Amino acid sequence: MNPLHAYSFETTGVAIIKNAISREQVAAARTAVETNWADKKVPWKFPVLHLGRVFWELMTHPVLLELSHQFAGENFRMDHAFGVSSNGAPPQLHGGPQSSQYSCFYFPLSHGQRRGLAGQLNFGFTLYGQTPETGGFCYIPGSHKSVDPRAGQEVLAEIYNHKFNHHSIVVPTLEPGDMLLFTE
């Protein structure tokens, strides 16, 4: 990870690696999803590993493995592998209630001489782009360092009154092929 990405991740909880995967990988993944959900009613979260080899390639992407080691420590594990669609997703921040059972907050982890920075990392590969106008993934910079124990759904309701256009909420522009790293 270059110093700009590392600084962004450490301060905001999010890093975007532009053009992390090839156009061919994007096309193969899109085709696999569209073939399996031909009716275009893709569920909000859905399994992907059985859909094609491309998803295994993404899960073992060298940058993903390097960043997992760098930020979660030497003994990281892969816990989930599923697709996420904005199609029918409930309005939420950070995955909604019970998304990570508080394993997600920023805290130093000791690994001998190495230190990790997060208890949980999430990686996403953008197959279809998004803009602030179209919506999709959003976050509050630095929220992973908060001591507020409320889940994202509660914060969205109680602090931001369900207004995704609040100036504190960032909806980044993502292009197909971009990798997104964030602490959930």
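Residues numbered from 1 in each chain as written. Predicted model: local features only at pLDDT ≥ 70, side-chain atom pairs only at ≥ 80, totals over all residues. Heavy atoms only, no water.

Attention now moves to helix α4 (residues 62-72). For α4, the full list of buried residues reads Leu 64, Leu 67, Ser 68, Phe 71 and Ala 72. Viewed along the axis of α4, the buried residues span an arc of 105°, placing them on a single side of the element. Directly after α4, the chain includes Gly 73, whose backbone phi takes a positive value near 105°. (Buried < 20%, exposed > 50% of the residue type's maximum accessible area, 1.4 Å probe, protein only. Helix = DSSP H or I, 4+ residues; strand = E, 2+ residues; numbered from the N terminus. Arc of directions from axis to C-beta.)

A few words on the sheet that holds strand β6 (residues 121-125). Here three strands make up an open sheet; going across it, the order is β1-β7-β6 and the pairing antiparallel. Every interior strand has two partners, whereas the edge strands, β1 (14-17) and β6, have only one. Direction aside, neighbouring strands of the sheet carry axes that sit 15° apart on average. Of the pairings in the sheet, the one linking β6 to strand β7 (residues 179-183) comprises five bridges and is antiparallel in character. (Pairing = 2+ DSSP bridges. Axes fitted to C-alpha atoms, helices over the stretch in contact; angles between N-to-C directions.)

On to the nonpolar core. Grouped together as the largest cluster of nonpolar side chains are 27 residues, with contacts concentrated most on Val 33, Leu 51, Phe 55, Phe 71 and Leu 181. When contributions to this core are tallied by element, the ones reaching two or more residues are α1 (3-12), β1, α2 (23-36), α3 (53-59), α4, β6 and β7. With residues near it in sequence (within four places) discarded, Val 33 still touches Val 42, Phe 46, Leu 51 and Phe 55. Within the second largest apolar cluster, seven residues are counted, among which are Val 155, Leu 156, Tyr 160 and Ile 169. (Core = buried A, V, L, I, M, F, W, Y, C linked by side-chain atoms within 4.5 Å. Contact = heavy atoms within 4.5 Å.)

Taken across its five residues, β7 has five buried, putting it largely inside the fold. With burial as the criterion, each face of β7 is covered, one bearing Met 179, Leu 181 and Thr 183 and the other bearing Leu 180 and Phe 182. In this structure, β1 lies alongside β7, joined through four bridges in antiparallel fashion. Across the sheet, Ala 15 pairs through a bridge with Leu 181, a residue of β7.

A side chain of one charge can pair with a side chain of the opposite charge if their charged atoms are brought near each other. Here the structure, examined in full by the defined rule, presents one salt bridge. Among the salt bridges present, the one from Lys 18 reaches Asp 178, with a minimum N-O distance of 2.6 Å. Of this pair, Lys 18 sits in the loop between β1 and α2 while Asp 178 is found in the loop between α5 (152-158) and β7, placing the two residues 160 residues apart along the sequence. Take Lys 18: its relative accessible area is 44%, and that puts it in the partly exposed class. (Salt bridge = Lys/Arg side-chain N within 4 Å of Asp/Glu carboxyl O.)

Once that is clear, we can look at the packing of aromatic side chains. The tally for this structure, following the rule as stated, stands at two aromatic pairs. Aromatic pair Phe 137 and Phe 182: ring centres 4.8 Å apart, planes at 45°, arrangement tilted. Of the two residues, Phe 137 sits in the loop between β6 and α5 while Phe 182 sits in strand β7, which places them 45 residues apart along the sequence. For Phe 137, a relative accessible area of 18% corresponds to the buried category. Phe 182 gets classed as buried once you look at its relative accessible area, which sits at 15%. Here a set of aromatic residues connected by ring pairs shows up, and it is made of Phe 137, Tyr 139 and Phe 182. (Phe/Tyr/Trp six-rings, centres within 6.5 Å; stacked < 30°, edge-to-face > 60°.)

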